[in-house]
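# Structure assessment
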Amino acid sequence: MAKIKHHNFLNTVHEVFTDAKEAGVLHLYAGGTSFSGKTIKVKGKDLFHFGTTGYLGLEQDKRLKRAAIQAIEDYGTQFPLSKSYISNPLYEKLEQSVTQMYGTPIVITKNSTLGHLGVIPSAVDDQDIIVLDHQVHWSVQNAAKMLKTRSVPIEMIRHNSLEMLEDKIKKYRHSKRHIWYMADGIYSMYGDYAPVNELMALAGKYPQLRLYFDDVHGMSWVGKNGTGYVLSQLCELPENVLLFGTLSKTFGASGAVLTCSNTEMYDKIKTFGGPLTFSAQLEPASVAAAIASAQIHLSSEIYELQEDLRQRIAYFNDCLMDTELPLIDYNASPVFYIGTGMPKTGYNFVNRLMQEGYYVNLGIFPAVPVKNTGVRITISRHNEREEIKGLVEAMAHHFPKALEETQTNAERVFHAFKLNPKVKSEPKKAKGLIVEVKESIDQLDKVFWNHYSGGQGCYDWEGLKFLETVFQGNEKKEHNWLFRYVIIKDGSGTPVLVTFLTLSLWKDDMLANAQVSEAIEEERKDNPYHLSSKVLSMGSLFTEGSHLYWDDSHDRGDHALNTFLELVEKKELKFGAKMTVLRDFPENTAWNGPLYGHGFLRVQLPNSCTVNLSGFRSIDTYIAQLSSRNRRHFRKDIQPFFEISDSSVIDKASPSQLSQFKSLFTEVQSRNLGLNTFSFPDSLFEQMNENPLWEFIVLTPIREPERVLGVMFCYKNSGQVYVPAFVGMDYAFLEEYAIYRQLLYRIIERAIELRTPKIDFGMTAAFEKRKLGATVHEKYAYLQTRDNFILELLGVMEGQH
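In short, a report on the structure. (Residues numbered from 1 in each chain as written. Predicted model: local features only at pLDDT ≥ 70, side-chain atom pairs only at ≥ 80, totals over all residues. Heavy atoms only, no water.)

Across its full length, the chain holds 27 helices and 27 strands. The C-alpha radius of gyration computed for the chain amounts to 31 Å, which stays within 12% of the reference 28 Å derived for 801 residues, consistent with globular compactness. The principal-axis extents of the C-alpha atoms in the chain amount to approximately 90 × 60 × 50 Å. Expressed as a percentage of its 801 residues, the buried residues of the chain come to 60%. Counted over contacts in the chain with a minimum sequence separation of 6, partners at least 24 positions apart contribute 76%. With the model as given, the accessible surface of the chain reaches about 32700 Å², and the carbon-plus-sulfur share is 49%. Side-chain charges in the chain split into 87 positive and 95 negative, and the spacing between the mean points of these groups amounts to 2 Å. (Helix = DSSP H or I, 4+ residues; strand = E, 2+ residues; numbered from the N terminus. Rg over C-alpha atoms; globule rule 2.2 N^0.38 Å. Buried < 20%, exposed > 50% of the residue type's maximum accessible area, 1.4 Å probe, protein only. Contact = heavy atoms within 4.5 Å. Areas by Shrake-Rupley, 256 points an atom, 1.4 Å probe, with all protein chains shown as cover. Lys, Arg positive; Asp, Glu negative; His and termini not counted. Charge placed at Lys NZ, Arg CZ, Asp CG, Glu CD.)

Dropping the structure here:
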């Protein structure tokens, strides 16, 4: 394999969102000429609204509306001046009111996104470090990552992992001034909480720890004066905590608020905070509505509203308890999440609920892992008990139907969220199909395997026999792989799908940007298995090419596809794999839609290369047919180096040569952090040396024939294809001898000599291979994991909701 292209995030989100839009569940428009909060018109139909973030319903309060209308009459639609010069006449009263709510100094911002952009660069010094909870809101992540230009380290930990946070604190406590941990108070998808009290205890243990909370989803519905979840746990704001709340969402107006009890830091942020200085201020209507809302928050009425909402939340929880729905987190927040697992099940479920008269939000990547797609439901004071009960009944009715219609079951959904299934699903047999899973290539007929999978790469029957020998029975766990061979046949025994899987230990950053891997490797000096996970992969870390035979013309072809994906999911669960990787697919594969529907994300791999040698009897005739530009490249950049070096093909290397081969391979592997894998076992090279299907193309200097400059480890696949699987090079002489270019030429020369009709050149260095006549092919991999933290490392995502 080779590293992914790290611009995948926007492409991936575009593809996921396009899929959801086409399903009719995303980027919708509300209809109607008015809005009450209780119902919302979608596609011409009035639906009960269970998707609002206005939990207390204050956005429809007449006092806020009247205040906003009066402010427009008095001050116009906007106050077009920077607050650095002068503020709207209403601003002073708003600031006084909100300060009274919190009891600490505050800063009003246009919205939380601009607020984070203004506050974080001002609060965090160049001598500090930021640690992000990987589920913290995108607006916090985006603002924090801007500090990379000031060389402020940005680390990320798994959601609510105090153990990982403490490890980061220990790592940086002696080299950094402050360690900032940034998290949400209430997380907007699952409605779960930050462990505020435990974090404060950690801050007591490590005085360098600073906490930065985005508590916009905890605002108003909980806490003294409705100041939110975080303050409800703290009672008062310590100097080592910065807290963001909101004046929009359930507050009912617009804008955001930062509160800070550290006077020095407050003055620093207030005086100059980037967007806080240069952005437009809140419109008069928004300021007036916020003042009206603040007055409610400062009165006893706020506690009546909170209690009213709590009762509705409790009623919804009670109703859910009588169902078998997969509620992801039981808590007292107004945010609930019902898992569906696969995206296509989520689309189906949301559409069914809308048809039934209920509007809910779809939770989808990148807000959640693709495999953790689900329905986000919010409870507000607009929702009456009858409607709440009706929604639960509709969900209980339609959830199993959505599962059945999308060929899945409740047990798979519960497993996707690491929950214990309430009811065990009966395993369904693949109708009209015979599914066979073998544990060794020895259990398969050699002719059969080579007919369906033997014409490429080094995974014909003999090649897989070799890999099973090398990657089993080793001392280190990363050198031991589990092999599984999958054959799906129709009722008459004709194969419809054939492939093989491996279970092996991957570094979580294996496909990440090299800079990410470089930082993580520092930590692996003390803990070699830091951030590593078991991965179930089609093919293996050793092989490249189309690992899948699938008869798409067969009338059971689609059924075989879905059967295979369900089988893979069961194997992932059984083996405890953290991620599943299916590869290497062409761009326009018919698997694209089904894979997205099953919760896979597509990432583009570097192009692969092949060379067709049919009809060539000599290297000279091959070179002669190249384009004039490529022939000039050969004459100028390759041929002159023949005079100072020799090449040879070695079937059996001496101990001295084999030692050099290992060393040169290790040198290449250690430099390739863009494909950061564990090492291969030393026995690999001894086994290659004893196997007649492996040989070494070796480059040596004429003046020092005992020195090896470069080596290609090549596999001869049944006379059908020649596979240069790996390379070793001495980088000290790379340019002086044009080592890599010479080896590419010698591979072609050797394949022609063997009368092999094709070379599988694999991935990477496509530009160099193309100059020697290789054909380039786009390749894609599909990843499935419940852990967005891994996707963050891989660069497949860059933040959330």
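It is worth spelling out helix α24 (residues 683-690) at this point. Taken together, the buried positions of α24 are occupied by L684, F685, M688 and N689. Viewed along the axis of α24, the buried residues span an arc of 135 degrees, placing them on a single side of the element. Where α24 is buried, its residues meet α17 (461-470), α23 (655-671), β23 (694-701) and β24 (710-717). (Arc of directions from axis to C-beta.)

Attention now moves to the nonpolar core. Residues F213, F316, I377 and M395 are the most contacted members of the largest nonpolar core, which totals 118 residues. With 9 residues, helix α11 (residues 284-297) is the largest single contributor of residues to this core. Beyond its immediate sequence surroundings of up to four residues, F213 is in contact with A183, D184, A194, V196, L199, V230, V241, L242, L243 and F244. The next biggest cluster of nonpolar side chains, apart from the first, holds 52 residues, and it includes L511, F713, V721 and A781. (Core = buried A, V, L, I, M, F, W, Y, C linked by side-chain atoms within 4.5 Å.)

Further remarks concern the packing of aromatic side chains. The final tally for this structure, using the stated rule, is 44 aromatic pairs. Between the aromatic rings of F471 and F680, the centroid separation amounts to 5.7 Å while the plane-to-plane angle is 80 degrees, which identifies the pairing as edge-to-face. Note that F471 is positioned in the loop between α17 and β16 (482-490) and F680 in the loop between α23 and α24, a separation of 209 residues in sequence. Comparing F471 with F680 shows no difference in burial state: the two are buried. One Lys or Arg, K507, reaches over the ring of F678 and ends 5.1 Å from the middle of that ring. (Phe/Tyr/Trp six-rings, centres within 6.5 Å; stacked < 30°, edge-to-face > 60°. Lys NZ or Arg CZ within 6 Å of the ring centre and 35° of its normal.)

All right, on to the sheet that holds strand β3 (residues 45-49) then. Sheet architecture is open: 4 strands sit in the order β1-β2-β3-β12, paired in mixed fashion. Because the sheet does not close on itself, it has two edges, and the strands there are β1 (30-31) and β12 (358-359). For strand β2 (residues 39-42) and β3, the ladder comprises 4 bridges, and the chain directions are antiparallel. The residue bridging K41 from the neighbouring strand is D46, located in β3. (Pairing = 2+ DSSP bridges.)

All right, on to a nonpolar patch on the surface then. There is a patch of nonpolar side chains on the surface, built from L81, Y85 and I86 and spanning about 360 Å² of accessible area. The exposure class of I86 is partly exposed, given its relative accessible area of 45%. (Patch = residues over 30% accessible without salt bridge, like charges linked within 9 Å, V, L, I, M, F, W, Y side chains within 5 Å. Salt bridge = Lys/Arg side-chain N within 4 Å of Asp/Glu carboxyl O.)

With that out of the way, let us pick up the pairing of β2. Residues of β2 alternate between two faces, with I40 and V42 buried on one and T39 and K41 left unburied on the opposite face. Pairing geometry for β1 and β2, over 2 bridges, is antiparallel. Looking at the pairing, G31 lines up with K41 of β2. The hairpin turn running from β2 into β3, its antiparallel successor, is 2 residues long, and K43 in that turn takes a positive phi close to 55 degrees.

Burial in helix α7 (residues 196-205) covers these residues: V196, L199, L202 and A203. Mapping the buried residues of α7 onto a view down its axis gives an arc of 120 degrees, with all of them on the same face. Exposed side of α7, more than 90 degrees from the buried face: A201, G204 and K205 are the residues found there. Next to the buried residues of α7 lie α6 (162-172), β7 (179-184), β8 (209-214) and α8 (229-234).

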